[in-house]
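Here is what each chain is made of, one letter per residue.
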Amino acid sequence: MTEGRIVKVSGPLVIAEGMREANMFDVVRVGEANLIGEIIEMHGDRASIQVYEETAGLGRGDRVVSTGAPLSVELGPGLMENIYDGIQRPLVAIKNAVGPNITRGVDLPALDREKKWYFEATAKRGDRVVGGDVYGVVKENEVVRHKIMAPPGTDGTIEELLSGYYTVTDPIGKLSRPDGTVENIIMMQKWPVRVARPYKEKLPPNEPLITGQRNVDSMFPVAKGGTACIPGPFGSGKTVVQHQLAKWSDADFVIYIGCGERGNEMTDVLLEFPEIADPKTGSSLIKRTVLIANTSDMPVAAREASVYTGITIAEYLRDMGCSVAVIADSTSRWAEALREMSGRLEEMPGEEGYPAYLTSRLAQFYERAGMVRCCGSDERIGALTAIGAVSPPGGDISEPVSQATLRIVKVFWGLDSSLAYKRHFPAINWLNSYSLYKDRLAPWYEKNVASDWMAQITEAMRILSAEAELDEIVKLVGIDALSASDRLTLEVAQSIREDFLQQDAMSPDDSYCPPEKQHDLLTLILYFRDAASRAIGTGADIEKISELPVRERIGRAKSAPVAEYKREFAEIRAEIDAELSSLGGNR
Amino acid sequence: MYREYRTIEEVAGPLMLVRDVDDVKYDELGEIIMPTGEVRRCRVLEVNGSDVLVQLFESSAGLNLEYSKVRFTGHGVQLPVSREMLGRVFNGMGEPIDGGAKLIPEAVRDINGTPINPASRKYPSEFIETGVSTIDGLNTLVRGQKLPIFSGSGLPHANLAAQIARQAKVRGTDEKFAVVFAAIGITFEEADFFISDFKKTGAIDRTVLFINLASDAAIERISTPRMALTAAEYLAFDCNMHVLVIMTDITNYAEALREVSAARKEVPGRRGYPGYLYTDLATMYERAGRREGSDGSITMIPILTMPEDDKTHPIPDLTGYITEGQIILSREIYRKGYLPPVDVLPSLSRLKDKGIGAGRTREDHSGTMNQLFAAYARGKEAKELMVVLGESALTPIERLYAKFSDEFEARYVNQGFYEDRTIEQTLDLGWELLHILPKSEMKRIKPAILDKYW
């Protein structure tokens with residue numbers, strides 16, 4: 001074990017000498033308080049260390065001890081429903097140990113070492129196993145059947161494997177290696193966070209992540225295994241969108257990384273998720289959720305690590321053959337942590353002081369998403385979807401983090417503060433947002449929801465872009481200059497915006513909208529368009545059409561409960577017909 | 001006794017380099033003994049071998065490399081705290097300046113505090129009635145929230161902050177707020193306005209004041225807000241009080257930070273502010289809140305003036321990303337003579353949803369709030385169109401919206417600094433204004449609520 005002495009302390013950066021034998025990226029313990037740090041540079045026998053805790057009180061000559069291992073996470077039963085900090089320290093256990101504020105040098109294992117889980121063996125004696133093969137399962141809670149897998153790189157034959165109650169470090173069996181050595185099998189694995197977990201092959205994503213959000217599923221869908229970003233200025237509702245995605249995504253697991261954001265937001269998730277029922281399982285949402293909280297007042301270096309911690313846990317869950325969504329709020333804060341460390345290392349800055357390797361680091365993060373054939377003999381398929389919020393300064397996405405992200409991700413949900421001021425939520429701008437998965441996912445929607453899905457969405461988008469053009473004309477010459485059919489386009493576009501795109505996260509019946517209801521709602525609005533267009537053809541007055549009472553009812557259609565909406569929509573259709581025919585016309 | 005060093009090598013701006021020191025820790029508090037015997041304070045910014053870079057908290061005038069001495073105290077910057085602080089006035093470094101007796105500390109706290117574990121925070125949800133319609137009705141403040149006021153030079157943010165401090169209450173309780181006030185680099189007149197307002201209303205007895213005036217050393221400002229927050233934390237979490245922290249002006253704080261950063265020749269972020277400005281501001285703002293194990297709370301109203309009224313300037317921008325909303329003041333509304341001149345549309349309270357509704361304010365609160373926002377936004381759009389094309393170009397409904405937006409500004413926004421409206425008055429006024437529009441436009445309000453209140 002290498003032991004060195006501190007020669008320099010500057011904020012979260014510590015330089016120690018006598019570290020020649022330590023490895024790059026080793027975890028070290030710093031000072032008497034045993035602060036956790038990581039070696040990020042070596043110069044001769046001097047190691048530059050980023051320390052994950054507040055460094056006040058460190059001085060020259062303090063001891064630095066290398067642990068000889070890279071920064072790793074513990075993987076196994078007990079992850080679910082937990083809240084960790086950026087380097088996977090369990091925050092609830094810390095609270096119980098040291099009180100409501102986080103003190104330094106707390107050392108608690110990420111997975112509870114005392115708790116016993118019932119392990120049910122599915123493999124048996126004599127089975128040959130390779131990395132990724134399943135030994136058995138642990139029923140972690142009502143929803144989660146946690147597969148206990150052989151860690152990557154395993155190769156051997158099971159000598160012994162017994163069902164029963166075990167802690168995560170108890171031996172559950174024995175494995176003999178080809179070279180004749182025998183080792184214990186335990187449930188817990190460790191994996192270094194900066195290395196992607198292996199898989200057999202990557203597959204092109206072809207299935208949407210259903211989120212119950214009309215803006216997402218209908219307009220700008222993201223694939224299971226895809227990547228998406230949400231840039232937006234403050235106050236545009238980024239966090240609400242992220243929370244909605246975390247709540248309603250049809251992923252088996254959700255990892256929510258609060259990276260340099262508000263403490264109260266994490267508390268909100270912690271208090272709210274246990275109360276919400278998962279539409280898929282009926283059980284509470286927290287059962288399938290892991291939270292990583294490195295709030296903005298927590299040490300900045302741990303913020304840099306937090307996204308890796310989150311995505312490594314996600315990869316492990318993906319390896320079980322599951323669909324996992326990682327939601328990171330916000331990647332800009334992560335990039336700022338990178339910038340701060342880079343500045344302290346006196347590296348030559350790139351754009352706006354960010355390090356030159358910003359883009360490649362971001363790309364590495366998002367590239368860990370994907371749909372994959374997992375390791376193991378049973379060819380299971382897992383998917384990891386990565387969704388990152390970006391907080392561009394002043395909402396201007398020409399800044400480096402937004403631009404670097406846009407080059408990588410396939411879906412862009414651009415939030416717009418002017419929509420937010422009008423309380424149009426989610427404030428996703430329909431004109432500049434995009435999804436490159438649309439065509440690839442269309443067959444799925446057409447097969448599983450409705451055959452006219454794409455056609456209908458394309459039509460809605462056409463109406464919305466026509467509105468933008470017509471608005472320009474109205475601003476110049478006034479609305480009277482428009483023809484009746486153009487005015488109808490404006491009315492319908494308004495209806496699509498207000499009655500379809502707007503979705504109330506607080507309303508119990510509108511917060512989650514299943515794809516079929518999304519489709520039918522849009523059909524209803526387009527039905528009104530077609531009927532009104534015919535009425536105009538026979539001479540009906542557009543002013544009168546725009547004042548029809550049924551339009552208010554269309555406006556409320558989205559909050560019809562899922563069980564009853566079909567009847568309600570049918571009634572509205574009948575009312576559209578009745579009211580339009582009462583307008584008459586000149587025939 | 002601490003060792004004294006006579007090895008000051010350099011003094012430049014707020015920084016000082018001391019050579020050949022031993023056993024000095026990062027972030028340690030140091031004391032400089034001037035040739036005259038005067039003692040000034042400093043803090044360790046960097047330990048590099050046997051060299052130490054320190055940041056002065058006071059001016060370097062009179063510092064002499066040959067005869068000045070430095071000693072290090074073995075601990076960080078601390079503040080002695082006590083319940084007796086209420087009613088007292090301190091300078092930016094936490095020393096009493098009101099001529100009163102020396103404080104007998106009940107505890108001594110490091111001014112940097114420690115982060116609150118997110119798992120032990122209590123979510124803020126208790127409605128605070130400020131008596132200001134634009135806040136109570138549209139941007140509701142709750143206990144434990146941090147809600148800044150974004151202002152511009154020449155706008156009456158001080159009056160609004162004083163009005164909130166004067167009128168704020170939680171209904172159904174007679175608990176009073178203690179106020180911790182931090183003046184950061186503001187003028188004597190502005191500080192005096194607050195002090196005399198607190199005196200007039202008797203609030204001074206439950207107020208702790210930390211005063212760093214524009215004439216005081218700029219670098220002292222770096223500690224002033226942390227002193228105030230340390231006092232607030234003691235009162236809230238040790239004495240179970242509800243504390244309202246008002247800090248003005250954060251822009252001056254950020255500028256002091258920039259001064260130190262520039263002197264250290266750090267790679268600057270936007271507009272010369274250090275790259276860690278976000279983290280630095282967050283370690284202050286995030287000290288607001290409520291936590292388990294204590295009934296008290298810290299509600300924070302930082303005030304900042306936006307340079308050139310630009311909301312995308314780094315200081316308001318980064319603040320907005322950390323705080324739970326913002327109240328923005330508008331020069332346009334102020335010119336119309338409406339007080340307080342709150343710019344309703346870009347203002348926001350993120351925590352309002354959990355603080356309003358049946359049992360907290362009234363069941364119609366959320367629906368009317370959204371309706372007022374949407375109607376005002378549409379009215380303003382209609383008015384813009386009217387400027388270009390004339391009133392005749394508007395449809396009849398747009399004309400109603402335009403009228404609504406005028407009335408809304410004149411009656412809802414405009415209330416003066418001395419009118420204290422109850423939440424019911426605010427909500428009823430909202431309904432009254434909505435009657436300018438036809439009932440069919442009330443799409444944001446649930447039908448049951450609409451039928452009951454329309």
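Quantities reported herein were computed from a predicted structural model and do not represent experimental measurements. (Residues numbered from 1 in each chain as written. Chains lettered and ligands numbered in written order. Predicted model: local features only at pLDDT ≥ 70, side-chain atom pairs only at ≥ 80, totals over all residues. Heavy atoms only, no water.)

So, the overall build of chain B
Counting its secondary structure elements, chain B contains 13 helices and 21 strands. At 25 Å, chain B has a C-alpha radius of gyration in line with the 22 Å of a compact globule built from 454 residues. If one aligns the C-alpha atoms of chain B with their principal axes, the spans along those axes are about 80 × 50 × 40 Å. Sorting the 454 residues of chain B into buried and exposed places 61% on the buried side. Considering only contacts in chain B between residues 6 or more positions apart, those separated by 24 or more positions represent 73%. Only carbon and sulfur atoms are counted for the fraction: they give 49% of the accessible area of chain B, which is about 16,300 Å². Put simply, chain B has 55 plus and 65 minus side-chain charges, and the middle of one group is 4 Å from the middle of the other. (Helix = DSSP H or I, 4+ residues; strand = E, 2+ residues; numbered from the N terminus. Rg over C-alpha atoms; globule rule 2.2 N^0.38 Å. Buried < 20%, exposed > 50% of the residue type's maximum accessible area, 1.4 Å probe, protein only. Contact = heavy atoms within 4.5 Å. Areas by Shrake-Rupley, 256 points an atom, 1.4 Å probe, with all protein chains shown as cover. Lys, Arg positive; Asp, Glu negative; His and termini not counted. Charge placed at Lys NZ, Arg CZ, Asp CG, Glu CD.)

Topic: the side chain of His146(A)
Residue and element names in this part refer to chain A. Take His146: it is sitting in strand β12 (residues 145–149). Among the polar contacts listed, one links the side chain of His146 to the side chain of Glu140, at a separation of 2.7 Å. For His146, the side chain forms a polar contact with the side chain of Tyr316, separated by 2.9 Å. (Polar contact = N/O pair within 3.5 Å; in protein donor to acceptor, adjacent residues only side chain to side chain.)

Some thoughts on helix α10 (residues 365–389) of chain B
Over its 25 residues, α10(B) extends 36 Å from the first C-alpha to the last, a length consistent with the 36 Å expected when each residue adds 1.5 Å. A positive backbone phi angle near 90° is found at Gly390(B), which sits one or two residues after α10(B). (Expected span 1.5 Å × (residues − 1).)

Topic: the pattern of salt bridges
All told, the structure shown has 90 salt bridges over all chains when counted by the stated rule. Two residues, Glu315(A) and Arg368(A), come together in a salt bridge whose shortest N-O distance is 2.9 Å. A residue pair is termed long-range when its members are at least 10 positions apart, and Glu315(A) in helix α5 (residues 300–318) and Arg368(A) in the loop between α7 (358–367) and β23 (370–373) qualify at 53 residues. A salt bridge links Asp238(B) to Arg109(B); its shortest N-O distance comes to 3.0 Å. Of this pair, Asp238(B) sits in helix α4 (residues 224–238) while Arg109(B) sits in strand β10 (residues 107–110), and the two are 129 residues apart along the sequence. Among the residues examined, Asp238(B) registers a relative accessible area of 38% and is labelled partly exposed. Beyond isolated ion pairs, a larger network of salt bridges with shared partners links Arg553(A), Arg567(A), Glu568(A), Glu571(A) and Glu575(A). (Salt bridge = Lys/Arg side-chain N within 4 Å of Asp/Glu carboxyl O.)

Things to note about the environment of Lys247(A)
Residues and elements named next belong to chain A. Locating Lys247 in the fold gives a position in helix α3 (residues 238–248). Given a relative accessible area of 7%, Lys247 falls into the buried group. Between the C-alpha atoms of Lys247 and Gln518, which are 271 residues apart in sequence, the distance is 18 Å. Beyond its immediate stretch of four places on either side in the chain, Lys247 contacts Glu272, Phe273, Ile276, Leu285 and Arg288.

With respect to the confidence of the model for chain B
Residues of chain B with pLDDT of at least 70 account for 100%, and the chain-wide mean is 92. Scored by ipTM, the complex comes to 0.88, with pTM at 0.92. (pLDDT = per-residue confidence, 0-100.)

Some details on the interface of chain A and chain B
The figure often quoted for interface size is the accessible area lost as the parts come together. Each side of the interface is counted separately: chain A has 74 residues, and chain B has 78 residues. Together chain A and chain B conceal approximately 6,200 Å² of surface at their shared face, both sides included; 51% is due to carbon and sulfur atoms. The tally of links between chain A and chain B comes to seven salt bridges. Connecting chain A to chain B are 38 residue pairs in polar contact (both at pLDDT 80 or more). At eight residues, helix α4 (residues 263–272) of chain A tops the list of elements feeding residues into the side of chain A that touches chain B. In the side of chain A that touches chain B, the residues fall into 27 nonpolar, 20 polar and 27 charged. (Buried area = accessible area lost by both parts, 1.4 Å probe. Nonpolar A, V, L, I, M, F, W, Y, C, P; charged D, E, K, R; others polar.)

Thoughts on empty space enclosed by the protein
Scanning all chains against the criterion turns up eight cavities of 30 Å³ or more. Taken as a whole, the largest cavity holds about 150 Å³ of empty space. Elements with a minimum of two residues in the lining of the largest cavity: α6 (331–344) of chain A together with α6 (277–285) and α7 (314–322) of chain B. Here the residues of the lining of the largest cavity sort into eight nonpolar, two polar and four charged. (1 Å grid on protein atoms, 1.4 Å probe; cavity = no way out; pocket = protein on both sides within 12 Å on 5 of 7 lines; lining within 4 Å. Points joined across faces, edges and corners; volume = space filled by probe spheres on them.)

Brief notes about the packing of α10(B) against helix α12 (residues 423–434) of chain B
Two packed helices can be described by the angle between their axes and the distance between those axes. All names here are of chain B. Taken N-terminus to C-terminus, the directions of α10 and α12 make an angle of 50°; their axes are 10 Å apart at the nearest point. When the axis of α10 is compared with that of α12, the two are oblique. In terms of crossing hand, the pair formed by α10 and α12 is left-handed. For the pair formed by α10 and α12, the contact residues are His365, Thr368, Gln371 and Leu372 on the first element and Ile423, Leu427, Gly430, Trp431 and Leu434 on the second. (Axes fitted to C-alpha atoms, helices over the stretch in contact; angles between N-to-C directions. Parallel < 35°, antiparallel > 145°, perpendicular 65-115°, else oblique. Left-handed = near helix turned anticlockwise from the far one by under 90°.)

Describing the packing of α3(A) against α4(A)
Residue and element names in this part refer to chain A. Running from N to C, α3 and α4 cross one another at 30°; their axes reach a closest spacing of 12 Å. With respect to α4, the axis of α3 lies roughly parallel. The way α3 lies across α4 gives a crossing that is right-handed. Of the residues in α4, those touching α3 at Thr239, His243 and Lys247 are Glu265, Asp268, Val269 and Glu272.

Regarding the side chain of Asn141(A)
Residues and elements named next belong to chain A. Here Asn141 shows up in the loop between β11 (134–139) and β12. Within the local environment of Asn141, its side chain forms a polar contact with the backbone oxygen of Lys287, the two atoms lying 3.0 Å apart. Not counting chain neighbours up to four residues away, the residues in contact with Asn141 comprise Met80, Glu81 and Lys287.

Some thoughts on the sheet that holds strand β9 (residues 117–121) of chain A
All names here are of chain A. Taken in spatial order, the four strands of this open sheet run β12-β11-β9-β14, and their pairing is antiparallel. The outermost strands of the open sheet, each flanked by one partner alone, are β12 and β14 (164–166). Averaged over all pairs of adjacent strands, the angle between their axes in this sheet comes to 40°, without regard to strand direction. The pairing of β9 with β11 spans three bridges and is classified as antiparallel. (Pairing = 2+ DSSP bridges.)

Describing unusual backbone geometry
For the bond from Phe425(A) to Pro426(A), the omega torsion is -10°, close enough to zero to count as cis. Take Pro426(A): it is sitting in the loop between α9 (417–421) and β26 (434–435). The omega torsion of the bond from Thr248(B) to Asp249(B) falls at 10°, within 30 degrees of zero and hence cis. By the secondary structure assignment, Asp249(B) is in the loop between β17 (242–248) and α5 (250–263). For Arg271(B), which is not glycine, the phi torsion reads 50° and is therefore positive. With respect to the helices and strands, Arg271(B) occurs in the loop between α5 and α6. What makes Arg271(B) partly exposed here is its relative accessible area of 46%.

Things to note about the nonpolar core
Counting residues in hydrophobic clusters, the biggest one holds 93 residues, and the most contacted among them are Ile49(A), Phe210(B) and Met247(B). It is α4(B) that contributes the most residues to this core, nine residues altogether. Counting 81 residues, the second largest nonpolar core, distinct from the first, contains Val216(A), Ala442(A), Ile457(A) and Ile576(A). (Core = buried A, V, L, I, M, F, W, Y, C linked by side-chain atoms within 4.5 Å.)

Topic: α3(A)
Structural remark: α-helix, 3.6 residues per turn; residues separated by three or four positions point the same way. For α3(A), a buried count of 10 out of 11 residues is recorded, marking the element as mostly surrounded by other parts of the structure. The complete set of buried residues in α3(A) reads Lys238(A), Thr239(A), Val241(A), Gln242(A), His243(A), Gln244(A), Leu245(A), Ala246(A), Lys247(A) and Trp248(A).

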